Amino acid sequence: MPAMTYSLEGKKVLITGASGGIGAALAEGFAARGATIGICARRADRLAEVLERLQKIAPDSRSWTIDLNDLDGIAPFAKQVEAELGGVDVLVNNAGIPKRRHVTRLTPEESESVMRINYFSPVRLTLALLPGLIERSGQIVNISSVAARLGPPIESCYAASKAALTAFSECIAVDLRDTGVGVHIVNPGVLDTELFHLPDNEPGFHSTDIMVPADTIVEPVIAMMNDGTIEGYVPEWFKDVVANKFTDTDAFITGTKAYATQVEAAR
Ligand SMILES: NC(=O)c1ccc[n+]([C@@H]2O[C@H](COP(=O)([O-])OP(=O)(O)OC[C@H]3O[C@@H](n4cnc5c(N)ncnc54)[C@H](OP(=O)(O)O)[C@@H]3O)[C@@H](O)[C@H]2O)c1
């Protein structure tokens with residue numbers, strides 16, 4: 001792979017879902033490297049807290065309150081961001097929701113609403129900002145999940161929404177090969193955020209022993225933009241877990257069934 005570097009100094013970055021968690025951590029990490037940050041989410045009070053911290057180091061940073069479930073609002077929002085931020089060099093599609101629900105209790109409506117926020121909204125935003133990103137030889141960072149590559153218990157529609165985002169990202173990385181636009185898929189494992197405490201979810205099967213702080217993701221994402229890495233895992237050891245799965249998917253899923261049974265028995 002050819003050596004590349006991507007400096008965030010002076011760049012305009014839009015990060016969705018930055019009222020907390022991974023989005024806020026990336027916003028602060030990128031601002032510390034000289035970028036001006038645009039953040040958006042639904043909760044105005046939480047955005048205001050993040051923006052206050054950002055503006056201490058990146059004074060022109062700004063925020064927008066938006067519900068990305070409203071897909072028809074996304075193209076006009078993209079125009080507004082470009083006008084008010086002065087263009088977008090880096091788009092981080094981070095906003096997302098979990099859905100920990102056993103398939104026997106999952107409704108079609110739930111499945112479709114997860115797809116809307118986790119897949120259709122980042123696609124809409126990417127398409128709306130793409131002409132500007134191409135013009136500026138920008139970067140697209142899609143926050144997917146290890147769930148896209150594994151077969152976790154009670155996460156069928158969540159994992160499917162992330163797998164869709166991953167497949168979309170792989171394909172556009174190919175389509176955009178001659179444009180100068182970098183495409184990156186980031187698969188967090190278990191980062192300590194509100195995602196694991198949101199209502200309307202069943203008890204998870206993840207181990208809290210392996211949980212790492214949200215800001216663990218900042219350096220790996222910057223490194224991916226710098227060296228052109230297309231897919232990365234945080235923590236990195238998940239890459240080996242996924243590689244192991246694809247050497248023998250049957251054995252891996254059989255092992256996951258045994259793990260799920262064991263966790264349930266211990267409750
Ligand atoms: N934490 C992990 O271990 C982990 C693992 C795999 C993947 N991920 C992915 O990482 C991303 C960030 O998650 P997180 O862990 O940081 O969880 P989080 O703390 O719950 O953050 C999710 C963010 O998305 C925003 N959001 C949710 N629905 C939205 C909507 N309809 N419109 C606009 N914004 C919306 C939330 O803000 P508001 O509520 O204010 O709207 C929040 O800022 C997600 O895509 C998640 O799937 C996380």
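Our subject is the structure that appears above.
Everything numeric here is computed off the predicted structure, so don't read it as measured data. (Residues numbered from 1 in each chain as written. Predicted model: local features only at pLDDT ≥ 70, side-chain atom pairs only at ≥ 80, totals over all residues. Heavy atoms only, no water.)

Trainee: Whenever I open this one, the overall build of the protein chain confuses me. Can you help?
Mentor: In terms of regular secondary structure, the protein chain is built from eight helices and nine strands. For the protein chain, whose C-alpha radius of gyration is 18 Å, the value lies close to the compact-globule estimate of 18 Å for 267 residues. Looking at the protein chain as a whole, 50% of its 267 residues are labelled buried. Within the structure as shown, the protein chain displays about 12,500 Å² of accessible surface, and the carbon and sulfur contribution to it stands at 54%. (Helix = DSSP H or I, 4+ residues; strand = E, 2+ residues; numbered from the N terminus. Rg over C-alpha atoms; globule rule 2.2 N^0.38 Å. Buried < 20%, exposed > 50% of the residue type's maximum accessible area, 1.4 Å probe, protein only. Areas by Shrake-Rupley, 256 points an atom, 1.4 Å probe, with all protein chains shown as cover.)

Trainee: What am I meant to see in the packing of helix H3 (residues 74-85) against helix H4 (residues 108-135) here?
Mentor: The geometry of a pair of packed helices is captured by two quantities: the angle between their axes and the separation between those axes. H4 packs onto H3 with a crossing angle of 45° between their chain directions and a minimal axis gap of 9 Å. As summarised for this structure, H3 and H4 are arranged oblique, according to the angle between their axes. H3 and H4 meet at a crossing whose hand is right-handed. On H4, the residues touching Ile74, Ala75, Phe77, Ala78 and Glu82 of H3 are Ser121, Arg124, Leu125, Ala128, Leu129 and Gly132. (Axes fitted to C-alpha atoms, helices over the stretch in contact; angles between N-to-C directions. Parallel < 35°, antiparallel > 145°, perpendicular 65-115°, else oblique. Left-handed = near helix turned anticlockwise from the far one by under 90°. Contact = heavy atoms within 4.5 Å.)

Trainee: Would you explain the environment of Asp175 in this entry?
Mentor: Mapping Asp175 onto the fold places it in helix H5 (residues 156-175). By relative accessible area, Asp175 is classed as exposed at 57%. Sequence separation between Asp175 and His197 is 22 residues; the distance between their C-alpha atoms is 38 Å.

Trainee: Could you clarify how one ought to interpret the site of the ligand in this entry?
Mentor: Close to the ligand lie 31 residues; Arg42, Asn94, Tyr158, Leu191 and Thr193 are nearest. In this structure, Arg43 approaches the ligand through a side-chain N or O atom, which is 2.8 Å from an oxygen atom. Considering the ligand on its own, with 880 Å² of exposed area, one finds that the protein chains cover 97% of that surface. Residue classes in the shell around the ligand are distributed as 15 nonpolar, eleven polar and five charged. (Near = heavy atom within 4 Å. Polar contact = N/O pair within 3.5 Å; in protein donor to acceptor, adjacent residues only side chain to side chain. Nonpolar A, V, L, I, M, F, W, Y, C, P; charged D, E, K, R; others polar.)

Trainee: Help me understand the environment of Glu84 in this model?
Mentor: With respect to the helices and strands, Glu84 occurs in helix H3. You can call Glu84 partly exposed: its relative accessible area is 34%. Separated by 29 residues in sequence, Glu84 and Gln55 have C-alpha atoms that sit 15 Å apart. If near-sequence neighbours (up to four positions away) are discounted, Glu84 is found in contact with Arg62 and Trp64.

Trainee: Would you take a moment to explain the sheet that holds strand S5 (residues 139-143) for this structure?
Mentor: Two modes of strand pairing occur in sheets, parallel and antiparallel, and in both the strands are linked by backbone hydrogen bonds. Ordered by their spatial adjacency, seven strands build an open sheet running S3-S2-S1-S4-S5-S6-S9, and the pairing between neighbours is parallel. The sheet is open, and its two borders are formed by strand S3 (62-65) and strand S9 (231-234), each paired with just one other strand. The sheet shows a mean angle of 15° between the axes of neighbouring strands, direction not considered. Two elements, strand S1 (residues 12-16) and strand S4 (residues 90-93), share three bridges in a ladder whose sense is parallel. The partner of Val13 across the bridge, within S4, is Val90. Where helix H1 (residues 21-31) meets the sheet, it contacts S1, strand S2 (36-41), S4, S5 and strand S6 (182-188), and its direction lies at approximately 170° from that of S1. Together, S4, S5, S6 and S9 form the strand contacts of helix H6 (residues 218-227), whose direction differs from that of S6 by roughly 155°. (Pairing = 2+ DSSP bridges.)

None of the figures reported here should be taken as evidence of function without further support.
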